[in-house]
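# Structural overview
This is what each chain is made of:
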Amino acid sequence: MPHYLRLFLLIVAAVVPLAVLQFMTQHSLWQDRENEVRNDTLRLLDLLDAEQQRIAAEARQVLATIVESGVPQAGPPGCQQTMDRLRARYPAYLSVEVADRQGRVWCATDPVSLGVDLGGIRTFQNALATGALTMGEYGLRDPNQRPILPFRLAYPSPDGMPGGPLDGPLGGVVTVLLDARWLEENLGHRPLPPGMEMVIADRQGHAVARLPEAPEAIGQPLPTPMLQAMRTARGTRSVAVFETGGVERMVVSAPLDTGTGESMIAIGIDRDAAMRPVRDAMAFSLALFGGVLLLTCLGAAWGMRQFLRVRERMLETVVEKASVLESTTDAVAELDRSWRVVFVNERARALLPDSGDAVGRNGRQAFAELMAGESGRTLQQAMEHREAVEFETRGPRSGVWFAVRAFPSRKGLALYFRDATERRRLEDERTLLTRQLEAERSLLTAILDHLPSGLLVAEAPSGRIVRVNDTALRLLGGPPPSAAGCGCDGTRTCNGGACFGEGRCPLTRALRTGETVEQEDMPYTRPDGTAMTLSVSATPVRGADGRTALAICTLRDVGERKAMEQALQRAKEEADEANRAKSKFLAAASHDLRQPMQSMFLFTGILHRFIRDEQGQRSLEMLERGLDTLKGLLDSLLDVSRLDAGAVDPRVEPFPLNSLLDEIAASYAPILESKKLAFRIVQDRAVTVLSDRVLLGRMVRNLLENAVKYTERGAVQITVRVQGDHVRIEVGDTGIGIPPDQLTRIFAEFHQLNNPERDRARGLGLGLAIVQRLSAILDHPVEVKSQPERGSVFAITVPLAAVETAPAPPPVAASAFTGGGEALRALLVDDDAIVLLGLRDMFREWGYEVRIAGSTDEAVAKIEADGRLPDVMLVDYRLREGRVGTEAVVRVRAMAGRDVPAVILTGEAGPECEMDAAAHGLEVVRKPVTPRQLRRVLDRAMAKQAASAKPVTGATGERLPL
């Protein structure tokens, strides 16, 4: 049989099933379109019903908010002012009326409602009689005769509470009117499908709202068949076809017992218009099918001829591809989708001796060196997801490192690999050498810093001083000149500390002439006027080209013994002054030291999401531990420096002690729970003490932290005992105790028990030293009693206040209008860009919607532009142009009309920040703070309730030894 006849029969055999399939497809398309129109209309009906329920729920919430906020009790002027503000906020379809017990409207968002009498309305009487929320049915409202749905709730008189007759007198009724215009305002701007109508009807079946708008249809009854279908349906949606106005419509409706219960909803669509696209598509498809059939017959013959040509070219391409892969320097192997090897080049056979006969075998067996363990899983994922991968693996038998690249395709996987053993060895050697060089550099630095002689290093030819050790600074009484070659006269006597100038200064001679100077005595006058004699040596250091590159100068004081003693005395005085200056400097520089460390904490927390491998996570965890330790050390050092410098000015005032203890207990509860330690606060009664709240809190925290640190099992307890006009605060534990010979030494700086290795993760031993300094400042004696292996008790004696202070007002609850399902919004204010960006990324990791600002004015401007207030604020204290963060908190709270939760985050060391924050009821967090600590503080600030927090207690049943 000729080829053309076979081709014709093949086409006929293919066309007949296609024709049948085409007609079946057209019929199915028609049915699918009808189902799609019905389902789309049902979804739109559900959307309309849900929107009506949402707006009704919004009306109820507005009603409850107005009653609970006491707006009606404010009197006519105050109430009407509130209504005027609400009119600008609420949509036009939502209005509020306040009526007295007789039904006269005396306060409303719509001035037209003032003076209207509601006394004869049934729902008004029901709301007044029951005291509960009452919803009416749709009615017409004067003067525009718009359909409205009323919601009513009684409000109490100024001396009563809302409720039934037994709860107290009622002042009247607040009414929220929901206008049917909500349908036009919410959905009128959306384009509707051609021929679609939306109708909302009341219980009697009269239309109260319609889209597209048709004023003449409002108030008219629905068609009788449609109304009967809607009334007979119970709790479900109905779908039917009706003929209205000469047009056949598919109508979906929601019966009366769904939604608000006061309305029926119907949506109709022109059936012919909805099906017209399908009908046109069917005609076009049939025409297209006939044309394609004709073209198929014409192209089949030409295609057969081209097929034979393409087949020949494919064979040539395969041969050419194989030759290219054989010539590449990489080892290449190809596998199909079933992991069967289809190609291996000579380079691959050389690297993997077992792969010589790999073609046709399973690739997992033939290439076991490449596909064992994690490498095999990586290639499996690459094959499944069709994503190229690149990795290195070590052969389990040969020990050879392979650098592998895998490129998946529709047909399988192409592997390119090479021997990377030598490169890995060189990288390991380089890493080892780098570590050795760093260790040697650290050793050299330590040796130079601890040399008994002063050391200076200057570079040639500029003479710039590049290295000065501490001994040289001590001998010279200050820093040397920035460069050698200035300030000496011809008598070799140096003035003002500039001893490396022109003339015969050894350092200059070594730099310029290459002379080596050995122990040459030189008179020297320090900047403070002290005369002394220095023994100076200078040695040039030459480079590979023989030229002088550096000069090293050593200094020793060789004056008479008496002069030395005097110099030592002056050095001691200067050291004391330097120590005080150092303390003042550290106290003043606290903010600048804490800022970069705060950035490190924030960005380290953010790295968790980006580091997935186990080694990286371990390294990141070790980095976080190191930062936590560094933070504790920095806090302790700066606190001691502030105390030594006299930078702490106590603010003594009366305050309730139990609130301070509750805050401390809450912050240490997670640590105590993690160590499975019982914890209790025992006190005779609530007392008010006379002290500085912040400093006393630091003393108790340090004692509690010390107790937790040295207690591995048992309990920790805070006991408050009233003794005359003083109160005794005791912090006891069941820890390791303190030997008798150590009771006086534990308050010394850097003294720790059971820490001979000086593990910095356990602090510097400054906690009790800080307690002792604060004890002296506040005049609060501290006592300690202890028994080794049984525990210790530290006690602070604090004077009682003469007058008990009133309890702190409960915190203001969060606004009821905070977006239900929306993410919480955080406002971050900081003038340090790096810290601000780190805070932004961290809050986004926590799920917040973040707004950032560098100043108070910028923060207020962004809130006004967004139109949405923050749910929480984190504000730096020291901002630009001498502004402070509490100003930003006050301005935002004034905009919100409520106390938005806020926290002050600062690096300031002085008492100004604490006093300012306490005056505004804000909690202060000092930089640097870890993300975990910051998250706990924010949660605590947002979770405060109106009632005072109950004291935190631990497990019971443990007895303390003392």
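Predicted model only: the values in this text are computed from it and were never measured. (Residues numbered from 1 in each chain as written. Predicted model: local features only at pLDDT ≥ 70, side-chain atom pairs only at ≥ 80, totals over all residues. Heavy atoms only, no water.)

Looking now at the sheet that holds strand 29 (residues 825-829). The 5 strands are arranged 30-29-31-32-33 in an open sheet whose pairing can be described as parallel. The open sheet has two edge strands with one neighbour each: strand 30 (849-853) and strand 33 (923-926). For this sheet, the mean angle separating the axes of adjacent strands, direction not counted, is 20°. Pairing analysis gives 4 bridges linking strand 29 to strand 31 (residues 872-876), with the strands arranged parallel. Bridge pairing links L828 to L874 in strand 31. Across the face of the sheet, helix 22 (residues 885-896) comes into contact with strand 29, strand 31 and strand 32 (902-906) while running at roughly 155° to strand 31. (Pairing = 2+ DSSP bridges. Helix = DSSP H or I, 4+ residues; strand = E, 2+ residues; numbered from the N terminus. Axes fitted to C-alpha atoms, helices over the stretch in contact; angles between N-to-C directions. Contact = heavy atoms within 4.5 Å.)

In this section: the pairing of strand 13 (residues 341-344). When strand 12 (residues 331-336) meets strand 13, the two strands line up antiparallel, connected through 3 bridges. Counterpart to L335 in the pairing with strand 13 is V341. In this antiparallel pair of consecutive strands, strand 12 and strand 13, the connection spans 4 residues, and W339 shows a positive phi of 65°.

The next subject is the packing of helix 17 (residues 657-674) against helix 18 (residues 693-709). Direction vectors running N to C along helix 17 and helix 18 enclose 35°, while the axes themselves pass 10 Å from each other. The handedness of the crossing between helix 17 and helix 18 comes out as right-handed. Contacts between helix 17 and helix 18 involve L657, S659, L660, L661, E663, I664, Y668, I671 and L672 on the former and, on the latter, R693, L696, G697, V700, R701, L704, E705 and V708. A class-by-class count of the residues in the contact of helix 17 with helix 18 yields 11 nonpolar, 2 polar and 4 charged. (Left-handed = near helix turned anticlockwise from the far one by under 90°. Nonpolar A, V, L, I, M, F, W, Y, C, P; charged D, E, K, R; others polar.)

Before going further, it helps to spend a moment on the nonpolar core. I66, M83, L94, V96, V98 and V174 are the most contacted members of the largest nonpolar core, which has 41 residues in total. Counting residues per element, this core draws most heavily on helix 1 (residues 3-68), which supplies 10 residues. Those residues in contact with L94 that lie beyond four places of it in its chain are E58, A59, V62, V176, L177 and L178. Counting 38 residues, the second largest nonpolar core, distinct from the first, contains L660, A707, V716 and I738. (Core = buried A, V, L, I, M, F, W, Y, C linked by side-chain atoms within 4.5 Å. Buried < 20%, exposed > 50% of the residue type's maximum accessible area, 1.4 Å probe, protein only.)

In this section: the packing of helix 21 (residues 856-866) against helix 22. Two elements in contact, helix 21 and helix 22, have axes separated by 9 Å at closest approach and are oriented at 20°. Taken together, the axes of helix 21 and helix 22 lie roughly parallel to each other. Here the hand of the crossing between helix 21 and helix 22 comes out right-handed. Of the residues in helix 22, those in contact with T856, D857, V860, I863 and E864 of helix 21 are E887, A888, R891, V892 and M895. (Parallel < 35°, antiparallel > 145°, perpendicular 65-115°, else oblique.)

Keep in mind these numbers describe shape, not what the thing actually does.
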